[in-house]
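Inside the fold
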Amino acid sequence: MREELKSILEKAGEQLKNAVNLSDVEDVRVKMLGKKSPLTDILRSMGKLPHEERKALGLEANQVRDSIEELIQKKLAVLRGQVRELKFKQESVDVTEPGITRDLGAKHLITQTIDCISQIFMAMGFSIAEGPEVETVFNNFDALNAPKNHPSRDLTDTFYITENTLLRTQTSPVQVRTIMAQEPPIKVISPGRCFRSDSPDATHSPMFHQIEGLLVDEGVTMTDLKGTLDVMAKELFGKETRTKFRPHHFPFTEPSAEMDVSCFKCKGKGCNICKGTGWIEILGCGMVHPNVLSVGGIDTEKYTGFAFGMGVERIAMLRYGVDDIRLFYDNDLRFLKQFK
Ligand code: DAH
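1. Quick word on the overall build of the protein chain
A tally of regular secondary structure across the protein chain gives 12 helices and 9 strands. At 43 Å, the protein chain has a C-alpha radius of gyration far larger than the 20 Å of a compact globule built from 340 residues. Along the longest, intermediate and shortest principal axes, the C-alpha atoms of the protein chain span 130 × 45 × 40 Å. For the protein chain, buried positions account for 39% of its 340 residues. Considering only intrachain contacts with a sequence separation of at least 6, the fraction spanning at least 24 residues in the protein chain is 67%.

Laid out in structure tokens, this is it:
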């Protein structure tokens, strides 16, 4: 039996030497120390031996068991150390390697243009008013003094949702909402999306953006309108920009005008941008019609106001030399990245 104990210990040592991973070691433990192991058999059969012999052999068998356990622990420590080392190697990073630069997003050119124009007016004391894109026919047309037979009301021009609601065709209904909600003095601009039933081409899109302006106070005149828009034109297109007001017609303003700016490319000499005229039309404006002010219960004897509205896409196209409005909505990164 002594011989057998010795060979068990040797076998265990041998097997542990060959173990390459933690589960191999576990197998050795089961085989050498488990219930069905030769060592357990020896310990079990010792009951039959005489007392003295049993004592001595028991001591030896227990020593063998402790030695095997010790060998197992040593092997486990070695293997765990190897595992840890491998993990360190795999997870190590070279902090001196250059980092990966990621493309950062940027504001869309239309948003940039709205931000820029809003800043100009906010610096002059205007605040931002907002209105919904789904509007009432009343706010979009009736309250803005549009005659019942005005062509812009046609189903072919306007997206109606119901008989009384539509996708706003202009930001002007925000004037109505503001007048109904606030007392003068009123000084707001309102950027937002508008919709018209237009087929897309280089200069038309069924969805586009406008910025509306409204100022109502005592003693406001056309001079205030011209001065305010002149500041905007100079900020937007350069200090030397001149402005010109041509008589026009809008139902919600009287008198009404269109404002031209001197061509910022040829400085008025005539080029392809201004189509040889030296001037570029950029917005509609006028003195708010008393019928509109009355909708909000404003005393038209005491208060007057001016209003204006401009197309954001048109201004962005002019400023950045974009020749097709559809480029704004295609979301082609090659286009968008030019304006980061
Ligand atoms: N709403 C007009 C349009 O869509 C633009 C406009 C013109 C707005 C004159 C105004 C204004 O406030 O006074 O064509």
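The structure having been displayed, the exposition proceeds.
2. Brief notes about the nonpolar core
In this structure, Met-232 and Phe-308 are the most contacted members of the largest nonpolar core, which totals 44 residues. Put simply, the parts of the chain that give this core at least two residues each are α5 (109-123), β5 (207-218), α8 (222-237), β7 (253-262), β8 (279-288), β9 (303-311) and α10 (312-320). Excluding residues within four positions of it along the chain, Met-232 makes contact with Ile-117, Ile-120, Phe-121, Met-259, Ile-282, Leu-283 and Met-310. Core analysis: the next-biggest nonpolar cluster, separate from the first, contains 20 residues, Ala-12, Val-25, Met-32 and Leu-76 among them.

3. Points about the packing of aromatic side chains
Inspection of the entire model under this criterion finds 9 aromatic pairs. Between Phe-121 and Phe-126, the ring centres sit 5.3 Å apart and the planes meet at 80°, which makes this aromatic pair edge-to-face. For the pair Phe-121 and Phe-126, one class covers both residues: buried. Ring pairs connect the aromatic residues Tyr-320, Phe-328, Tyr-329, Phe-335 and Phe-339, which therefore count as one cluster.

4. A few points about the sheet that holds strand β6 (residues 243-250)
Taken in spatial order, the 7 strands of this open sheet run β1-β4-β5-β9-β8-β7-β6, and their pairing is mixed. Edge positions in the open sheet fall to β1 (127-128) and β6, since each of these has one partner strand only. The pairing of β8 with β9 spans 5 bridges and is classified as antiparallel. By the bridge assignment, Cys-285 is partnered in β9 with Phe-308. With respect to the sheet, α10 is in contact with β5, β8 and β9, its orientation differing from that of β9 by roughly 55°.

5. Brief notes about the domain arrangement of the protein chain
Segmenting the protein chain into domains produces domain 1 (2-90) and domain 2 (109-339). Of note, the centres of domain 1 and domain 2, computed from C-alpha atoms alone, are 90 Å apart.

6. Focus on the site of the ligand
Lining the immediate environment of the ligand, one finds 15 residues, of which Gln-170, Ser-172, Arg-196, Gln-210 and Glu-212 sit closest. At 2.7 Å from a nitrogen atom of the ligand is found a side-chain nitrogen or oxygen belonging to Gln-170. With respect to the ligand, the side chain of Arg-196 contributes an N or O atom lying 2.8 Å from an oxygen atom. Sorting the residues of the shell around the ligand by element identifies β5, β8 and β9 as the ones contributing at least two each.

What counts as what
Residues numbered from 1 in each chain as written. Predicted model: local features only at pLDDT ≥ 70, side-chain atom pairs only at ≥ 80, totals over all residues. Heavy atoms only, no water. Helix = DSSP H or I, 4+ residues; strand = E, 2+ residues; numbered from the N terminus. Rg over C-alpha atoms; globule rule 2.2 N^0.38 Å. Buried < 20%, exposed > 50% of the residue type's maximum accessible area, 1.4 Å probe, protein only. Contact = heavy atoms within 4.5 Å. Core = buried A, V, L, I, M, F, W, Y, C linked by side-chain atoms within 4.5 Å. Phe/Tyr/Trp six-rings, centres within 6.5 Å; stacked < 30°, edge-to-face > 60°. Pairing = 2+ DSSP bridges. Axes fitted to C-alpha atoms, helices over the stretch in contact; angles between N-to-C directions. Domains from an automatic or database assignment. Near = heavy atom within 4 Å. Polar contact = N/O pair within 3.5 Å; in protein donor to acceptor, adjacent residues only side chain to side chain.

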